[in-house]
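Structural overview for review
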Amino acid sequence: MSPTHGRRAPYTVGDLVTGTSYVQPEDRAREKPAEITGHIVQVGSGWDGIDADHAYVWVRLPSGRERQALIRDIRKVTS
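Structure report, in brief.

About the criteria used
Residues numbered from 1 in each chain as written. Predicted model: local features only at pLDDT ≥ 70, side-chain atom pairs only at ≥ 80, totals over all residues. Heavy atoms only, no water. Helix = DSSP H or I, 4+ residues; strand = E, 2+ residues; numbered from the N terminus. Pairing = 2+ DSSP bridges. Axes fitted to C-alpha atoms, helices over the stretch in contact; angles between N-to-C directions. Salt bridge = Lys/Arg side-chain N within 4 Å of Asp/Glu carboxyl O.

Another point: the environment of A9. Tracing the chain through its elements places A9 in the segment before β1 (16-20). For the pair A9 and V43, spaced 34 residues apart in sequence, the C-alpha to C-alpha distance is 7.7 Å.

Take a look at the structure:
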């Protein structure tokens, strides 16, 4: 696979996931990582392997609030 095409994200918009939210280190004084479950609403960067350790998604919680999560910290919910 050429470097310009990168790898495909393991999640897509609409997937139901659960795991731990990500909070930037500089924001942890006012917000802590938390257990979350919700639907992916946006797939972020990091899929080409350059910064894959920080690849992320945005998850919409049942409350309507959105939280960021690293792909390594979430998993799909299966029924």
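A few words on the sheet that holds strand β3 (residues 56-60). What the 5 strands build is an open sheet, ordered β4-β3-β2-β1-β5; its pairing is antiparallel. In this open sheet, the two edge strands, each paired with only one partner strand, are β4 (66-70) and β5 (74-76). When the angles between neighbouring strand axes are averaged without regard to direction, this sheet yields 45°. The pairing of β1 with β5 spans 3 bridges and is classified as antiparallel. Its bridge partner lying in β5, G19 is registered against I74.

Applying the stated criterion to the full structure yields 6 salt bridges. Taking the shortest distance from any N to any O, the salt bridge between R60 and E66 comes out at 2.4 Å. Of the charged contacts in the structure, one is a salt bridge between D73 and R72, with a shortest N-O distance of 4.0 Å. What emerges from the salt-bridge pattern is a single network uniting E31, R65 and R67.

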